[in-house]
Amino acid sequence: LHPSQINTLLVHASRLKRRTLGLLRHGRLGEPPATNRKSLSTSLEFKTIALLFSKRSTRTRISAETATDLLRGRALFLGKEDIQLGVNESVRDSAQVISGMCQGIFARVGDHSDIEELAKYSQVPVINALSSLWHPTQVLADLLTLREIPELVTKPEPEPTGKTKHSLPKLRPLTVAYIGDSANVLHDMLVAYPRIGQQLRIASPEKYRAPKPVWDRVVELECDKNIFWTADPREAVHGADVVVTDTWISMGQEAEKEQRLKDFQGYQVTEQLCREGGAKENWKFLHCLPRKAHEVDDEVFYGPRSLVFRESHNRKWTIMALFDLLFGHWSIPNSPGML
Ligand code: CP
Ligand code: NVA
């Protein structure tokens, strides 16, 4: 996505969040659009969205199912035990069959090549719900979360009318530190944050740094200039406004657990580490979840800096915006302005 399309999505997600929560609060969510000026989009009416999940999920699945409901569509959850895909049927054939019956595919796969194959043979849009290399919808939720935090955004410009109009403030230039494994979530950060004017500082042991196809894409998008790598977590958090981590053992890497626990010793995000490294006093914490205590301790994870539960809830609004525009309207327009 182009940065201005990311902006369109985030502004739309914020609007959908505010409207849905407002309607819920006033008990008006079920009213027909004609009687309700502020009703939600019904762009998925009579549409079915296939949720093709070959791996576990809490947040992504719930977001997709509940968002589709709100847009008046039907989400069809197809887990790996439910359909022929991967056992009796190829990705190519499954893509052709499913996309002839459904109007959108949201797929969580193992190897990233599976999502490419799905997209190649599908007649309808395919959205990546996590693959071995990328987790794009996570980073949309992370960016919405950061833009909701007053200390991290620029002051909203006053409206000429004097009225206060809701708009999603833009991020000010931030230093974002990532401590841990170079996995799918980080990879999407690498191609998103530098393009919207943010500096990334990453601590990862050398053997766990971004694989070639990911780094090639980073260079192609000219993001590499705003990315600093080190093996020292203290060095990475220097000047950080935001500190991010993810699991050290992603789904599918369970056999490497013992080795990874050894290799990531010293990478746990703690108050002490960030103080010693010179993070900003008010640094905030993000984690895509699910979380293990070895990568971040309870003090940070459950403390006042932590944005993790807001971040998890924002998965829903960002996925809803994406489904509305891409599955409902088949287009994500560009919007003027930076993030
Ligand atoms: N963050 C995330 O993708 O969580 P789930 O695996 O629970 O969907
Ligand atoms: N890197 C993690 C993200 C989970 C949401 C994994 O792939 O398991």
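Residues numbered from 1 in each chain as written. Chains lettered and ligands numbered in written order. Predicted model: local features only at pLDDT ≥ 70, side-chain atom pairs only at ≥ 80, totals over all residues.

### A closer look at the packing of helix 5 (residues 136-147) against helix 6 (residues 184-192)
Contact geometry of helix 5 with helix 6 gives a least axis separation of 8 Å together with a crossing angle of 65°. The interaxial crossing formed by helix 5 with helix 6 has right-handed handedness. Taken together, the residues of helix 6 that come into contact with helix 5 (itself represented by Pro 136, Gln 138 and Val 139) are Val 185, Asp 188, Met 189 and Ala 192. Taken together, the residues that form the contact of helix 5 with helix 6 break down as five nonpolar, one polar and one charged. (Axes fitted to C-alpha atoms, helices over the stretch in contact; angles between N-to-C directions. Helix = DSSP H or I, 4+ residues; strand = E, 2+ residues; numbered from the N terminus. Left-handed = near helix turned anticlockwise from the far one by under 90°. Contact = placed C-beta atoms within 7 Å. Nonpolar A, V, L, I, M, F, W, Y, C, P; charged D, E, K, R; others polar.)

### Some remarks on the pairing of strand 7 (residues 227-230)
Judged from the four bridges that link them, strand 6 (residues 199-203) and strand 7 form a sheet pairing that is parallel. Across the sheet, the residue bridging to Arg 201 is Phe 228, located in strand 7. Remark: the strand 6/helix 7 (residues 212-220)/strand 7 crossover connection has right-handed handedness. (Pairing = 2+ DSSP bridges. Right-handed = clockwise from strand over helix to strand, strands pointing away.)

### What to know about the site of ligand 1
The environment of ligand 1 is made up of Ser 57, Thr 58, Arg 59, Thr 60, Leu 130, Gln 138, Cys 288 and Leu 289. Residues of the shell around ligand 1, tallied by class, amount to three nonpolar, four polar and one charged. (Near = placed C-beta within 6 Å.)

### Details of the site of ligand 2
Surveying the vicinity of ligand 2 reveals the residues Leu 130, His 135, Ala 183, Asn 184, Val 185, Asp 246, Thr 247, Ser 250, Met 251 and Cys 288. Within the shell around ligand 2, the residues separate by chemical class into five nonpolar, four polar and one charged.

### Let's talk about the sheet that holds strand 4 (residues 126-128)
What the four strands build is an open sheet, ordered 2-1-3-4; its pairing is parallel. What marks the edges here is a single partner per strand, and that holds for strand 2 (74-79) and strand 4. Averaged over all pairs of adjacent strands, the angle between strand axes in this sheet comes to 20°, irrespective of strand direction. The pairing of strand 1 (residues 48-53) with strand 2 spans six bridges and is parallel.

### A few points about the packing of helix 1 (residues 3-25) against helix 12 (residues 308-328)
Between helix 1 and helix 12, the least distance of the axes is 8 Å, while the angle of their chain directions is 110°. Considering the angle they form, helix 1 stands roughly perpendicular to helix 12. Helix 1 and helix 12 meet at a crossing whose hand is right-handed. Residues Leu 9, His 12, Ala 13, Leu 16 and Lys 17 of helix 1 lie in contact with helix 12, whose contacting residues are Trp 317, Thr 318, Met 320, Ala 321, Leu 322, Asp 324 and Leu 325. Residues that form the contact of helix 1 with helix 12 fall into these classes: eight nonpolar, two polar and two charged. (Parallel < 35°, antiparallel > 145°, perpendicular 65-115°, else oblique.)

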